[in-house]
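Overview (structure and organization)
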Amino acid sequence: MIIIFNFKIRIISLLLILLTIGGCSSISTSTEHYTNIDKFVSLEMYDKAVVSLQNSQKDAYDEKDRVLFWIDLGLLQHYAYQDSLSIINLALADNAIEELYTTSISKGVASMVLNDNALDYSGEDYENLYINVFKALAFYRQGESESALVEIRRLTEKFVELEQKYQQEYRSLKESDEIKTEVDEISVNFYSSALAHYLSMILFLNDGEYDDGRISRDKFYDAFENQKELYNFPKPNLDNFLTHSENAKLSFITFTGRAPLKYEYVFQIDTFENLIVISILENGRWKEFNTIAWYGLEGGLHAKFAIPKLKKRGSMVNKVEVIVDGVHKRDLYKIESLEDIAFEAFKREEGIIYLKSLARTVSKAIANEALNKELDKQTDGGDWGGLTRLLTGALINATENADLRIAHYFPSFAYGGEIEVQPGVHNIEIVYKDRNNRTIATDKFDNYNVSKNKNIDLLETVFLK
Amino acid sequence: MKNLFTLLIISSLILFLAGCGSSRTVQRTSSDTTVDLSGKWNDTDSRLTAKKMVDGLLDSRWILNFNKENERKPVVIIGNIKNNSSEHIQTKIFSKDIERELINSGEVKFVASSEERDEIRDERAEQQQYSSMETAKRLANETGADFMLKGVISTQNDSFDGQAVKFYQVDLEMIHLETNEKVWIDSKKIKKLVDQAGYKF
């Protein structure tokens, strides 16, 4: 009787825990608040999008999500021309990412028991890199080109730091007692951003530093030549930037589309002696995906785990035209596919998440089996024992959610280009066209004063569709 | 881990603790105390670099040569100290540190930099209209500088196996304003080793 009473308490406790953690942000990602913000973003009402995001801070973001909040807020503020605030928030994100370079031990334990949602969000690698691009653009708009160049230099350094981070991370995984299988290192072929070099070239030219501008132009070309899979579109010719002209030079940087989101990808594991069979769901049926050796494992365990995968959102824009005083001057060329770079940069992280999640699920499944065997022994395999098994299995599945946190407001593509115009006041239009050459939207700069006093002027536009 | 129940209790505790913030304490320190939190360029780097570079500047022969030729102290103006690094360094603080060291040495005279001048000129112009004849300062009576001190701060960082090396280089040069002649040039390097805790799985 006492044993049955204990089981009742345990089952009620399990149910309560299951209900509690079902809606807990420590184990799942909250995305509902984006609906309202997205509405304003699609209407290009960025001021209102900023307010909407700030209003959702209390309910939708925990302290562990601060990096995500600062990135999204900083980006929306950038699009809303709130440059000072944007710099502050992106700098907060940048500094926090640097601090989170090392995962704290306590949060590491939390992620081993629960999942990565319990950890501080430290930003995806591509977010970490492009934060500096948007800070640089904001500094430029504020007339601080020296600070803008600081951001580009910082971005270049981050490539080296990320490489170091992953070498450490792989070494740690290989030495870990939890990982009882071979760890394959995934390499990433992204180590130089053409967009960053394009921007630094303009900044150097703006300061009259033509030698440094030429070096940046050459690095821009190298980025295209050496990373052909990521820069699989025509390499633009930037030589005109460096030539002397009696006219005023005006350059453009235009962002279109929306960067990728994450979705949950579920795996099922079935264990055999020293072996795990991993299956994926295809057309409603579990299909064998992979079989891996896992030393010291017993057979008969079954569990599920989920990892995040990226999903492109792309852009409806196929062409960006520059019209000056009603005359077509040029089409802008594509400089960077931020979405392709997000995919490439995420490859390495995804591999590590897969291994960590697998190890965590195996540990939980082993513990669950041990508990239920003990309960079976005490109840002779009665009904209560079966119910406990069902609930603990559900609890494991409930805690195995993919961490779907990702910044929502990066663009998917960057375009650039330069024109020469007579110094003076002009009406400038940036026209966004779709695949059928239909105009989707136009950004207008009426009575824009193009000055010869500046070596080069930079106009930035955004169309997040 | 003995059983899943223990695991669940730990999970619940973690869920609660994850939301708990830590308290913050503030400790006041003397302004010349060295506090290096991140390994980034800080007030101590600025102060010590300025002191060492000014010591070198004053020890070199250009001041003696100038005194001999002109029988007066050289007049110096601070030009642009450019930040070519990957950190947002307040070069104005560094400029002020250099200015203070140089003025306090008594070996050179200093005139206001181009940024400071505008405000002073505005004030002087207003004095012509609103101040008494006796107290209003004369126009076109500024002291022209003989030399301009210019510089660059650059960085080079490297990291490996949980350790990061931050390498700062400060280059300063004194240029004669009439002849463009560089009368003094010096470089100071700061190397900082920053330990990063290892990644924990």
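This section reports on the structure supplied with the text.

Conventions and cut-offs
- Residues numbered from 1 in each chain as written.
- Chains lettered and ligands numbered in written order.
- Predicted model: local features only at pLDDT ≥ 70, side-chain atom pairs only at ≥ 80, totals over all residues.
- Heavy atoms only, no water.
- Helix = DSSP H or I, 4+ residues; strand = E, 2+ residues; numbered from the N terminus.
- Buried < 20%, exposed > 50% of the residue type's maximum accessible area, 1.4 Å probe, protein only.
- Contact = heavy atoms within 4.5 Å.
- Areas by Shrake-Rupley, 256 points an atom, 1.4 Å probe, with all protein chains shown as cover.
- Patch = residues over 30% accessible without salt bridge, like charges linked within 9 Å, V, L, I, M, F, W, Y side chains within 5 Å.
- Salt bridge = Lys/Arg side-chain N within 4 Å of Asp/Glu carboxyl O.
- 1 Å grid on protein atoms, 1.4 Å probe; cavity = no way out; pocket = protein on both sides within 12 Å on 5 of 7 lines; lining within 4 Å.
- Points joined across faces, edges and corners; volume = space filled by probe spheres on them.
- Nonpolar A, V, L, I, M, F, W, Y, C, P; charged D, E, K, R; others polar.
- Axes fitted to C-alpha atoms, helices over the stretch in contact; angles between N-to-C directions.
- Parallel < 35°, antiparallel > 145°, perpendicular 65-115°, else oblique.
- Left-handed = near helix turned anticlockwise from the far one by under 90°.

**Thoughts on the overall build of chain B**
Looking only at helices and strands, chain B features 5 helices and 5 strands. Seen in sequence order, chain B has helices and strands lined up from the N terminus as α-α-α-β-α-β-α-β-β-β. Counting every position in chain B, which comprises 201 residues, the buried fraction comes to 37%. Within chain B, contacts between residues at least 6 apart in sequence are counted, and of these 65% link residues at least 24 apart. Accessible area of chain B: about 13100 Å², with a carbon and sulfur share of 50%.

**Remarks on a nonpolar patch on the surface**
Residue and element names in this part refer to chain A. Side chains of Leu-85, Ile-88 and Leu-92 sit close together on the surface and give an oily, nonpolar patch of about 250 Å² of accessible area. Mapped onto the elements of the fold, Ile-88 is located in helix 5 (residues 83–99). Ile-88 gets classed as partly exposed once you look at its relative accessible area, which sits at 48%.

**A word on the pattern of salt bridges**
Per the counting criterion, the structure on display carries 46 salt bridges over all chains. Of the charged contacts in the structure, one is a salt bridge between Glu157(A) and Arg154(A), with a shortest N-O distance of 2.9 Å. Taken together, the positions of Glu157(A) and Arg154(A), both in helix 8 (residues 145–175) and 3 residues apart, correspond to about one turn of that helix. What you see here is one network of salt bridges that share partners, running through Glu98(A), Arg154(A), Glu157(A), Glu161(A) and Lys40(B).

**Things to note about the layout of surface pockets**
All names here are of chain B. Of the volumes computed, that of the second largest pocket is approximately 740 Å³. Lining the second largest pocket are 25 residues, with Asn-80, Ile-81, Thr-91, Lys-92 and Glu-115 sitting closest to its centre. Here the residues of the lining of the second largest pocket are counted per class, giving 6 nonpolar, 12 polar and 7 charged.

**Concerning the side chain of Thr49(B)**
Looking at the element boundaries, Thr49(B) is found in helix 2 (residues 43–59). The contacts of Thr49(B), once residues within four sequence positions are left out, are Trp41(B), Phe94(B), Val170(B), Lys188(B) and Ile190(B).

**Points about the packing of helix 8 of chain A against helix 9 (residues 194–206) of chain A**
All names here are of chain A. One way to put it is that helix 8 packs onto helix 9 with a least axis distance of 10 Å and a crossing angle of 150 degrees. Classified by the angle their axes make, helix 8 and helix 9 are roughly antiparallel. Like other packed secondary-structure pairs, helix 8 and helix 9 cross with a definite hand, here left-handed. Packed against helix 8, whose contacting residues are Ser-145, Ala-148, Leu-149, Ile-152 and Leu-155, the element helix 9 presents Ala-196, Leu-199, Ser-200, Leu-203, Phe-204 and Asn-206 at the interface. For the contact of helix 8 with helix 9, the per-class residue count stands at 8 nonpolar, 3 polar and no charged.

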